[in-house]
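Structural overview
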Amino acid sequence: MSFFIKGKSKQTGKPKLLGGKRKSTEPSKFAGKKQRFRGADEEIDSDSDGGEVNDHRHDDKGYSSSEEEQETAQEKKLRLAKQYLSQIEAEERDSRVDEEVNKDLISQRLKHDMLELTGKLQKQVAADLEVPSTESLILFRGHQLSVTCVVISADSQWLYSASKDCSIIKWSLAERRKVKMIHGGRKGTEKKHVGHTAHILAMALSSDGKYLATGDANKLIHIWDAGPMEFLHTFKGHRGSVTGLTFRKDTHDLYSCSQDRSVKIWNVDERAYVETLFGHQDKITAIDSLSRERAVTAGGRDATVRVWKILEESQLVFNAHSLVSVDCIALINETNFITGADDNSLSLWGAMKKKPLCTVKGAHGNRAPDMNGNSPATSPGDNWITSVAALHNTDLLASAGSKDGSIRLWRCVNDCHKLEALCAVPVTGFVNSLQFSLDGRFLVAGVGQEHRLGRWWSNKEAKNSIVVIQLKYTVR
C-alpha cells in the first residue's frame, strides 16, 4: 500500500513532490528486470502556469543490440527523423495517386502532426453541426442485459459492444447486422468457458483495429483478435473490477484502471505486464489516452482527476470543484479534457491548471428535453453524468445523464474555457458509454435499463441496445 503527501514548500511556494513505498505482487514476464514505480504526486498552482516536476529516482534503460549501444543520442534522433519523413512521404504518395508529393505537402503534414501532438490543433466543427433528427438514429439490439460499453473502428465499419450479460457482439455498421457474438458463461466456468463470466465493464479497440480488449468484474482483461473475434490472451493482476481500458493511439500499449485504485500498463504484442501506478485514494472509474505516453483517470469519490506522465515517472493531480464523485472522463486533445460528476456537472480542464477551467452545473435536467436541449425542469444532482465523449482535436463534445433520457451535444469555446449547449437527442435508458467515430460522422451510445456499475435504478421502458446517431454538418 502506498501513501502520498501533497503540499507546497514554505521557502519557495512551489509544489512539493513526495512519494511513498510501493509493494508489487504482480508477476512480471521480464525476469531479472528491475520494475519501476510512478509514485509521485505533482501539484500545480491554480493561479499560474505549473512547471514540470520530474522524478529521476530511477534510470532503467532497456537492453539493446551492440549497434544501438554504440549509436549516440543525436544519431538516433536523426535516424528516427529520417524514418518518420519517409513514412509521411509514403503515406502522402499513397493518398495522392495523381498528384506529385512535394515539400509543401510534407511540411503541411508535419505541422498538422506537431499541432495535434501538442494539443494546439482544434478544428471548429460544432457550429456547422445540424440538429440530429429521430430518423437519424440507428438501433442495434442483441444483448439481454444493459449495454455497458461500445467502441467503433477507425474506418467506421465495425461496432463492438459488451453487456452485463457477459457477452460481446461485433456489428457491421454498413450492413446493420450482427457479425459475431461471444456468449457469456456462467459463474464458476472460468476455466472452461472462452469469454467472460462476469459483467463486462470496459472495452477498448487499438487504432489499427487489430486488438480488442475487454475487462470485467472478475478482475480479468481478455484480449481478442478484433477481425475474426478469436480469443488470444488473458491479463491477470488487478485486485478489483476492471472499470476502464484504453489503447495508446497508434500503439498496442494498453492502459487499464480498476476499483483496486491502480492503473496498470500492458504490452499486448508481448502479452506482458509492464508496471502498476498508484495514487488515487478511491476506486478509479474511467481512463483515457491519446498519442502521448500519458493517461488520464477519474478517481471517483476521491474527487480528483490525475494525469499519469509515464515517461517522466510523475503524475498531475487535479481537484474537482467540490466533494463529488468524478465518474467519467474523455480527452479533447493532448492538453484538455472533460469530466462528468455525480452532482450533474460537467467540467473542462487544462493540463496547466489544477482546478476546472469551466464547470457547468445542472448540465442535465430532471426530465427528457426536446431536440433543442430545452428541459422542463432542472434538479442539480438528480441526474449524475454517466458518460462523456469528445471528437478529438475539435470543439464538439457529448454527455449523458443517468436517467435524464437524453444525450446532449456541446460546443467548446474560448480555448476550452466555456461550454455552450447545442442540442439534445432523446434516448430512453441509461447511456453507459459514448464514442465519436474518427471522422465525426457517427456518435455511438451503449444504452441499458441499469447503470453500468450498479442497480440504483431500473428503467423497464428502456431497451438494452446500441444507438448510433448519424451526424451531419452544414457545408460552407
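- Named according to an unreviewed UniProt entry, the protein is U3 small nucleolar RNA-interacting protein 2 originating from Dreissena polymorpha.
- Of the comments in the UniProt record for the protein, the one headed Sequence similarities (unreviewed entry) reads "Belongs to the WD repeat RRP9 family."
- Taken from UniProt, the Subcellular location (unreviewed entry) comment for the protein reads in full: "Nucleus, Nucleolus".

**A closer look at the sheet that holds strand E28 (residues 442-448)**
- Taken in spatial order, the 4 strands line up as E2-E29-E28-E27 in an open sheet, and their pairing is antiparallel. Looking at strand neighbours, the two that pair on one side only are strand E2 (137-141) and strand E27 (430-436), the edges of this open sheet. On average, each strand axis in the sheet is inclined to that of its neighbour by 20°, with strand direction left out of account.
- The pairing of E28 with strand E29 (residues 465-470) spans 6 bridges and is antiparallel. Looking at the pairing, Val444 lines up with Val468 of E29.

**Focus on the packing of aromatic side chains**
- For the structure shown, the criterion picks out 10 aromatic pairs.
- Centre to centre, the rings of Trp266 and Tyr273 are 5.6 Å apart; their planes meet at 70°, and the pair counts as edge-to-face. Across this residue pair, the class does not change: Trp266 and Tyr273 are buried.
- Seen from their ring centres, Phe318 and Trp349 are 6.0 Å apart, and the 80° between their planes marks the pair as edge-to-face. Linking Phe318 in strand E18 (residues 314-319) with Trp349 in strand E21 (residues 345-350), this pair joins segments that are 31 residues apart in sequence.
- By the ring-pair criterion, three or more aromatic residues cluster together here, those being Trp384, Phe430, Trp456 and Trp457.
- A cation over an aromatic ring shows up here: Lys170 above the ring of Trp158, its NZ or CZ 4.4 Å from the ring centre.

**Quick look at the confidence of the model for the protein**
- Residues at a pLDDT of 70 or more form 75% of the protein, whose mean pLDDT is 81.
- Note on residues 1-68: pLDDT under 50 across the span, and 129 contacts to partners over four residues away in sequence or across chains.
- Residue range residues 367-381 is modelled with pLDDT below 50. Its contacts to residues more than four positions away, or to other chains, number 44 contacts.

**Brief notes about the pairing of strand E13 (residues 262-267)**
- Counting buried residues along E13, 5 of its 6 residues qualify, which places the element largely inside the surrounding structure.
- Pairing between strand E12 (residues 253-258) and E13: 5 bridges, direction antiparallel. Looking across to E13, one finds that Cys257 is bridged to Val263.
- Linking E12 to E13, which pair antiparallel, is a turn of 3 residues; within it Arg261 sits at a positive phi near 75°.
- Pairing between E13 and strand E14 (residues 272-278): 6 bridges, direction antiparallel. Across the sheet, the residue bridging to Trp266 is Tyr273, located in E14.

**Digging into the sheet that holds strand E24 (residues 396-401)**
- Sheet architecture is open: 4 strands sit in the order E23-E24-E25-E26, paired in antiparallel fashion. The open sheet has two edge strands with one neighbour each: strand E23 (385-390) and strand E26 (418-426). Taking each pair of neighbouring strands and ignoring which way they run, the sheet shows an average axis angle of 25°.
- One ladder, built from 8 bridges, connects strand E25 (residues 406-413) with E26; its direction is antiparallel. In the strand pairing of E26, Ile407 is matched with Val425.

**Focus: unusual backbone geometry**
- One non-glycine residue with positive phi stands out, namely Arg271, at about 55°.
- Relative to the helices and strands, Arg271 resides in the loop between E13 and E14.
- For Arg271, a relative accessible area of 22% corresponds to the partly exposed category.
- We note that Glu313 has phi near 55°; this positive angle belongs to a residue other than glycine.
- Among the structural elements, Glu313 can be located in the loop between strand E17 (304-309) and E18.
- Residue class for Glu313 comes out buried when judged on its relative accessible area of 3%.

**Describing empty space enclosed by the protein**
- Taken as a whole and assessed by the stated rule, the structure comprises 2 cavities of 30 Å³ or more.
- Approximately 90 Å³ is the volume found for the largest cavity.
- Lining of the largest cavity is provided by Ser289, Leu290, Arg292, Arg294, Ala295, Val296, Val307, Leu331, Glu334, Thr335, Phe337 and Ala351.
- Of all the elements, strand E16 (residues 294-298) adds the most residues to the lining of the largest cavity, at 3 residues.
- What lines the second largest cavity is simply Ala320, His321, Val324, Val326, Thr339, Gly340, Ala341, Ser345, Ser347 and Trp349.
- Every element with two or more residues in the lining of the second largest cavity is listed here: strand E20 (336-341) and E21.
- Taken together, the residues that form the lining of the second largest cavity break down as 5 nonpolar, 5 polar and no charged.

Thresholds, definitions, all that
Residues numbered from 1 in each chain as written. Predicted model: local features only at pLDDT ≥ 70, side-chain atom pairs only at ≥ 80, totals over all residues. Heavy atoms only, no water. UniProt positions renumbered as here; feature names shortened; annotations may be inferred. Pairing = 2+ DSSP bridges. Helix = DSSP H or I, 4+ residues; strand = E, 2+ residues; numbered from the N terminus. Axes fitted to C-alpha atoms, helices over the stretch in contact; angles between N-to-C directions. Phe/Tyr/Trp six-rings, centres within 6.5 Å; stacked < 30°, edge-to-face > 60°. Buried < 20%, exposed > 50% of the residue type's maximum accessible area, 1.4 Å probe, protein only. Lys NZ or Arg CZ within 6 Å of the ring centre and 35° of its normal. pLDDT = per-residue confidence, 0-100. Contact = heavy atoms within 4.5 Å. 1 Å grid on protein atoms, 1.4 Å probe; cavity = no way out; pocket = protein on both sides within 12 Å on 5 of 7 lines; lining within 4 Å. Points joined across faces, edges and corners; volume = space filled by probe spheres on them. Nonpolar A, V, L, I, M, F, W, Y, C, P; charged D, E, K, R; others polar.

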